[in-house]
Amino acid sequence: MSKNSTHAFYDQLYRIMIEELHERIKLFNGRYIDSIPINYIDQYYIGTIIGIFKVWLYMEQPESVEIFLERLEKFQTNAPYEFWCFDS
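In every chain, residue numbers begin from 1 and rise along the written sequence. Under the rules for a predicted model, residues below a pLDDT of 70 receive no local features and side-chain atom pairs below 80 are neither given nor counted, while totals for whole chains, interfaces and linings still include all residues. Neither water nor hydrogens contribute to the side-chain values; these are computed over all heavy atoms in the structure.

K.L.:
What is the right way to look at the overall build of the protein chain in this model?
P.N.:
Looking only at helices and strands, the protein chain has three helices and two strands in total. Working definition: helices are DSSP H or I runs of at least four residues, strands are E runs of at least two. Numbering for both runs from the N terminus. The order of helices and strands in the protein chain, counted from the N terminus, is α-β-α-α-β. Type-normalised accessible area, obtained with a 1.4 Å probe on protein chains alone, sets the label of each residue: buried when under 20%, exposed when over 50%, and partly exposed for intermediate values. With 88 residues in all, the protein chain has 24% of them scored as buried. When contacts within the protein chain are restricted to residue pairs at least 6 apart in sequence, long-range pairs at least 24 apart make up 68% of them. Accessible surface for the protein chain amounts to roughly 6700 Å². Of this, 56% is attributable to carbon and sulfur atoms. Residue contacts are defined here by distance: any two heavy atoms, one from each residue, within 4.5 Å place the two residues in contact. Working definition of accessibility: Shrake-Rupley area with a 1.4 Å probe, residue cover restricted to the visible protein chains.

K.L.:
What is the right way to read the packing of helix 1 (residues 7–27) against helix 2 (residues 38–58) from this model?
P.N.:
For any two helices packed against each other, the geometry is given by the interaxial angle and the distance between the axes. Interaxial distance between helix 1 and helix 2 falls to 10 Å at its minimum, and their mutual angle equals 115°. By the angle between their directions, the pair helix 1 and helix 2 is classed as roughly perpendicular. Handedness of the helix 1/helix 2 crossing: right-handed. Mapping the contact onto sequence places Tyr10, Leu13, Tyr14, Met17, Ile18, Leu21 and His22 in helix 1 and Ile38, Asn39, Asp42, Gln43, Tyr45, Ile46, Gly47, Ile49 and Ile50 in helix 2. Grouping the constituent residues of the contact of helix 1 with helix 2 by class yields 11 nonpolar, four polar and one charged. Note on geometry: axes are C-alpha line fits, over the in-contact stretch for helices, and angles between N-to-C directions span 0 to 180 degrees. By definition in this entry, angles of less than 35 degrees are roughly parallel, angles greater than 145 are roughly antiparallel, angles of 65 to 115 are roughly perpendicular, and the rest are oblique. Each helix crossing is assigned a hand: it is left-handed if the near helix lies turned anticlockwise from the far helix by less than a right angle, otherwise right-handed if that turn is clockwise. Charged residues are taken to be Asp, Glu, Lys and Arg, nonpolar residues to be Ala, Val, Leu, Ile, Met, Phe, Trp, Tyr, Cys and Pro, and polar residues to be all remaining types, Gly included.

K.L.:
Just to check I follow, could you spell out a nonpolar patch on the surface for this structure?
P.N.:
A surface patch of nonpolar side chains, about 350 Å² in accessible area, is lined by Leu27, Phe28 and Phe86. Looking at the element boundaries, Phe28 is found in the loop between helix 1 and strand 1 (30–32). Judged by its relative accessible area of 52%, Phe28 is exposed. Patches were defined on residues exceeding 30% relative accessible area and lacking a salt bridge, with like-charge contacts within 9 Å and nonpolar side-chain contacts (Val, Leu, Ile, Met, Phe, Trp, Tyr) within 5 Å. Salt bridge, as used here: a side-chain nitrogen of Lys or Arg that lies within 4 Å of a carboxyl oxygen of Asp or Glu.

Spelled out as structure tokens, the structure:
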């Protein structure tokens, strides 16, 4: 995402990331909880990841890609997994 990106680009990226999230949930035999609508959970999770990318892109002195990816991984592994249920 560049500073010149369009809303259409954001929408396309968002849809791709939602599809990937849904595939990963299926891969790990997961399902969404019933108490919060799926579209809200998707927006919270994917919207936050995109927001983290935007913060990094707009930094005056961005961290290296390696450090950024480490931080992103920490977010994803500590995210609110209460949104999903995984069968053993």
